[in-house]
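# What the coordinates show
Okay, here's what each chain looks like letter by letter:
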Amino acid sequence: QVQLVESGGGLVQAGGSLRLSCAASGRTFSTAAMAWFRQAPGKEREFVTAIRWSGGRTYYADSVKGRFTVSRDNVKNTVDLQMNSLKPEDTAVYYCAATYRTSGLDSRREEYDFWGQGTQVTVSS
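So, here is what we can say about the structure in this document. Please read all numbers here as calculations on a predicted model, not as lab measurements.

Looking now at the state of the cysteines. Counted by the stated rule, this structure contains one disulfide. Between Cys 22 and Cys 96 runs a disulfide, and the two sulfur atoms are separated by 2.0 Å. Judged by the sign of its S-S torsion, about 45°, the cystine formed by Cys 22 and Cys 96 is right-handed. With Cys 22 in strand β3 (residues 18–26) and Cys 96 in strand β9 (residues 92–99), this residue pair connects regions lying 74 residues apart in the sequence. Side by side, Cys 22 and Cys 96 carry an identical accessibility label, which is buried.

Moving on to the pairing of strand β11 (residues 119–124). Only one face of β11 is buried: it carries Thr 119, Val 121 and Val 123, and the other face, with Gln 120, Thr 122 and Ser 124, is open. Note that strand β2 (residues 10–13) and β11 share four bridges and pair parallel. Paired with Gly 10 across the strands is Val 121, a residue of β11. Relative to β11, β9 runs antiparallel, the two being bridged by three bridges. For Ala 92, the partnering residue across the bridge sits in β11 and is Val 121.

The next thing to look at is the sheet that holds strand β8 (residues 78–83). Reading across the sheet, the four strands line up as β1-β3-β8-β7 and stay open at both edges, with antiparallel pairing between neighbours. At either end of the open sheet lies a strand with only one pairing partner, and these are β1 (2–7) and β7 (68–73). Recorded for the sheet is a direction-independent mean angle of 15° between the axes of neighbouring strands.

Relative to the assigned elements, Arg 67 resides in the loop between β6 (58–60) and β7. C-alpha separation for the pair Arg 67 and Arg 45, spaced 22 residues apart in sequence, amounts to 19 Å. Beyond its immediate sequence surroundings of up to four residues, Arg 67 is in contact with Gln 82, Met 83, Asn 84, Ser 85, Leu 86, Lys 87 and Asp 90. Within polar-contact distance, the side chain of Arg 67 engages the backbone oxygen of Ser 85 at 2.9 Å.

The subject of this paragraph is the packing of aromatic side chains. Summed over all chains, the structure comprises six aromatic pairs. For the ring pair Phe 37 and Phe 47, a centre distance of 5.7 Å and an interplane angle of 75° mean the geometry is edge-to-face. Linking Phe 37 in strand β4 (residues 33–39) with Phe 47 in strand β5 (residues 46–51), this pair joins segments that are 10 residues apart in sequence. The exposure class assigned to Phe 47 is buried, which follows from its relative accessible area of 12%. Relative to Trp 115, the ring of Tyr 112 has its centre 6.4 Å away and its plane inclined at 70°; by these criteria the two rings are edge-to-face. Given the relative accessible area of 28%, Trp 115 is considered partly exposed. Through successive ring pairs, a cluster of aromatic residues spans Phe 37, Phe 47, Tyr 59, Tyr 112 and Trp 115. Here the guanidinium or amino end of Arg 45 rests over the ring plane of Tyr 95, the centre of that ring lying 3.6 Å away. Here Arg 72 stacks its cationic end above the ring of Phe 29, 4.5 Å away from the centre of that ring.

Rules of the game
- Residues numbered from 1 in each chain as written.
- Predicted model: local features only at pLDDT ≥ 70, side-chain atom pairs only at ≥ 80, totals over all residues.
- Heavy atoms only, no water.
- Disulfide = S-S within 2.5 Å.
- Helix = DSSP H or I, 4+ residues; strand = E, 2+ residues; numbered from the N terminus.
- Buried < 20%, exposed > 50% of the residue type's maximum accessible area, 1.4 Å probe, protein only.
- Pairing = 2+ DSSP bridges.
- Axes fitted to C-alpha atoms, helices over the stretch in contact; angles between N-to-C directions.
- Contact = heavy atoms within 4.5 Å.
- Polar contact = N/O pair within 3.5 Å; in protein donor to acceptor, adjacent residues only side chain to side chain.
- Phe/Tyr/Trp six-rings, centres within 6.5 Å; stacked < 30°, edge-to-face > 60°.
- Lys NZ or Arg CZ within 6 Å of the ring centre and 35° of its normal.

And the structure:
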């Protein structure tokens, strides 16, 4: 088992920035592929970004490419999401997720076995 706890959400104006962090505990973090998803009210949970266990490769949804950056620290057991140039449509609850079943960079929700409780991001226009 691995426990995931997100932090860093909040309210920001359009064009602003936020940095989310996900802290992991329990099972060996350095071998987990990690991802961020988000869910807006009334919508399905959607993929945002994924990062391989080594941190060497990343994958982004088209909607956030060029604005968001994912990174991980396998010593601190954290994965961060730097969000720049935020838009009102980025408003959602953001979740980090972990899987040991794939090598990473998977955008499918069903491939992730462990989820955090989520952190709210609200972008005002």
